[in-house]
Amino acid sequence: MRIVDTPAWQALSAHADTTRDHHLRDLFAAAPERFQRFSLRWEGLLFDYSKQRVDATTMHLLRELAQVADIEGWKHRMVAGELLNHTEGRAVRHMDLRAGEQAPAEVKRVLERMRLFCEAIHSGAWRGYSGERITHVVNIGIGGSDLGPRMATRALIAHHQPDIEVHFVANIDGADIAPLLGRLNPRSTLFIVASKTFSTLETLTNARTARDWLLAAAGSEKAVGRHFVALSTDLDLTGRFGIPADNVFEFWDWVGGRFSLWSAIGLSLALAVGWHNFERLLAGAKAMDNHFLESPAEENLPLTLALLSLWNTDFLGASTAAVLPYAQSFQLLPAYLQQLEMESNGKQTDRQGQPIGISTSPIIWGEAGTNGQHSFFQLFHQGGRIIPCDFIVLRESDYPLPRHHDSLLANCFAQSAALAFGQTREEAIAAGTPSELLPYKIFPGNQPSSTLLLPNLTPYTLGQLIALFEHKTFCLGALWNINAFDQWGVELGKQLASQLTPLLESGGDASQFDSSTRGLIAAARGV
Ligand code: F6P
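Here's a quick rundown of the structure. Treat the numbers as computed from the prediction; the structure is a model and nothing was measured.

### Some details on the packing of helix 6 (residues 105-123) against helix 13 (residues 275-294)
In the contact formed by helix 6 and helix 13, the axes pass within 10 Å of each other and the chain directions differ by 150 degrees. Taken together, helix 6 and helix 13 sit at an angle that is classed as roughly antiparallel. Contacts between helix 6 and helix 13 involve Leu111, Met114, Arg115 and Cys118 on the former and, on the latter, Trp275, Phe278 and Leu282.

This is the structure:
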């Protein structure tokens, strides 16, 4: 039975019809203990969802829906290694990558090789073709082979190793790699070619450019072995590219690209922050895995995040969700979560191949606070749309300068309060607003938000946070009956691009394309 046809869904629908317009102002007034009731604490982390537009019945009905969707069963099937990614015939085992002592032997073997490699780079035992130490590392990858390590490397800036700088190149636009190469020295630069399939156009194009650049300086193919390593599941293709087998760090088809940070794909991050810190990241994620697998629904953080997202999307009609980290180090978190959530659950076909017929993944977007306040928050406050917000904030700053952190926290908490409670006409009058400005000083409020307060930003807490969102995504996939682990939707554009490239390079018969595409090709070619 489709989830929308279940009594649990219909009960939620009926409940939404009678509560949809309840205002957070009234919900708080009616229950002064609302914060205690609608917040969760786990390992020093606080999740406050009291400013979501829910009451006890909403949460009860949502948890019943989770039971009907058999989230527990899906968890077990994932852990058991069943082929949850049925359209590609693959298991979903990213938790095995961070299972510590319980990890499979193949995982332990690659982690050990990564550790030794990090040690060799950091100690200077690994040298470039001319005998110089490696001081710059460039990760060449895109999507899941870029966003995770890039985001985490940025997030853990306070934990970086000295004497080594890690860069990321993703875009096929030469404007990404060219200026970087212009600043680097081939004798002391290491390239990590990160690609699960080792067939991604952007990555291979950038990798070839990097290799040409190296060879122009080194003059011998032998240099490739000192300056290129690969992270991939396809050892045949890495070999054909010319990367020696000893320089290839393997992972497996049961690691989805957007869940791959914990695999060899994390090598650039490990080089940036050191092996010990990478292990702490894995440990944090493992702690979240245990919490997710073992905690009851009422205390389960990933499940609660997922249920709130579903409520906002399918019952309150929100089409987007803002991620608002009040932590500059989390600058890239919105981009990372865009791929994680939207590539996983941005689908309209269920596991039986039938149309889902309800909204699935909201459009994820966001920006670090306080910057966003000075650009798009105006629309949150008075734009008339419902935009659920996830505030993410650190109790202790990773850069504790005097004056900064309390103001940052104050701004975060002020925004969630202003968004929830708004300002009524009476309040605006009481605040002395001149009558001609009154219409402009009314804030409707009732904008739902959650606030996730982390104790601090360390590799361990970052691991917890990322795993939290991974499991949230997993739960949403199960609730919507989606295969969250494939991404067929990205293929059509790739196929078309491969047909258009020769036409742009050297012209030719474009008559099978529409007039807009033909016109754009002609204009780009200047004909
Ligand atoms: O185009 C989408 C995608 O397949 C993502 O799912 C993936 O993370 C990215 O491309 C990169 O793929 P690869 O790691 O195989 O280069």
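### Considering the site of the ligand
Around the ligand, a shell composed of 13 residues is seen, among which Gly144, Ser145, Ser195, Thr197 and Thr200 lie nearest. At 2.6 Å, a side-chain N or O of Ser145 approaches an oxygen atom of the ligand. A distance of 2.6 Å is found between an oxygen atom of the ligand and a side-chain nitrogen or oxygen belonging to Thr197. Classifying every residue of the shell around the ligand by side-chain character gives two nonpolar, eight polar and three charged.

### Thoughts on the packing of aromatic side chains
Taken as a whole and judged by the stated rule, the model has 22 aromatic pairs. Ring-pair connections join several aromatic residues into one group, and the members of that group are Phe191, Phe198, Trp213, Phe228 and Phe241. Stacked on the ring of Trp254, the Lys or Arg Arg93 has its end atom at 4.0 Å from the ring centre.

### A word on helix 20 (residues 491-506)
Taking 1.5 Å of rise per residue, the 16 residues of helix 20 would be expected to cover 22 Å, and the 24 Å separating its terminal C-alpha atoms lies within 8% of that figure. A maximum bend of about 25 degrees is found in helix 20 at Leu500, where proline Pro502 lies one to four positions downstream. One or two residues past the end of helix 20 sits Gly507, with phi positive at roughly 75 degrees.

### Let's talk about the sheet that holds strand 5 (residues 189-194)
The parallel open sheet is built from five strands, whose spatial order is 4-3-5-6-7. At either end of the open sheet lies a strand with only one pairing partner, and these are strand 4 (165-169) and strand 7 (248-250). Strand-to-strand twist across the sheet, computed as the mean angle between neighbouring axes with direction ignored, equals 20 degrees. Where strand 3 (residues 136-140) and strand 4 come together, five bridges link them in parallel fashion.

Cut-offs used in this document
- Residues numbered from 1 in each chain as written.
- Predicted model: local features only at pLDDT ≥ 70, side-chain atom pairs only at ≥ 80, totals over all residues.
- Heavy atoms only, no water.
- Axes fitted to C-alpha atoms, helices over the stretch in contact; angles between N-to-C directions.
- Helix = DSSP H or I, 4+ residues; strand = E, 2+ residues; numbered from the N terminus.
- Parallel < 35°, antiparallel > 145°, perpendicular 65-115°, else oblique.
- Contact = heavy atoms within 4.5 Å.
- Near = heavy atom within 4 Å.
- Polar contact = N/O pair within 3.5 Å; in protein donor to acceptor, adjacent residues only side chain to side chain.
- Nonpolar A, V, L, I, M, F, W, Y, C, P; charged D, E, K, R; others polar.
- Phe/Tyr/Trp six-rings, centres within 6.5 Å; stacked < 30°, edge-to-face > 60°.
- Lys NZ or Arg CZ within 6 Å of the ring centre and 35° of its normal.
- Expected span 1.5 Å × (residues − 1).
- Bend = angle between axes of the 7 residues up to and from the residue.
- Pairing = 2+ DSSP bridges.

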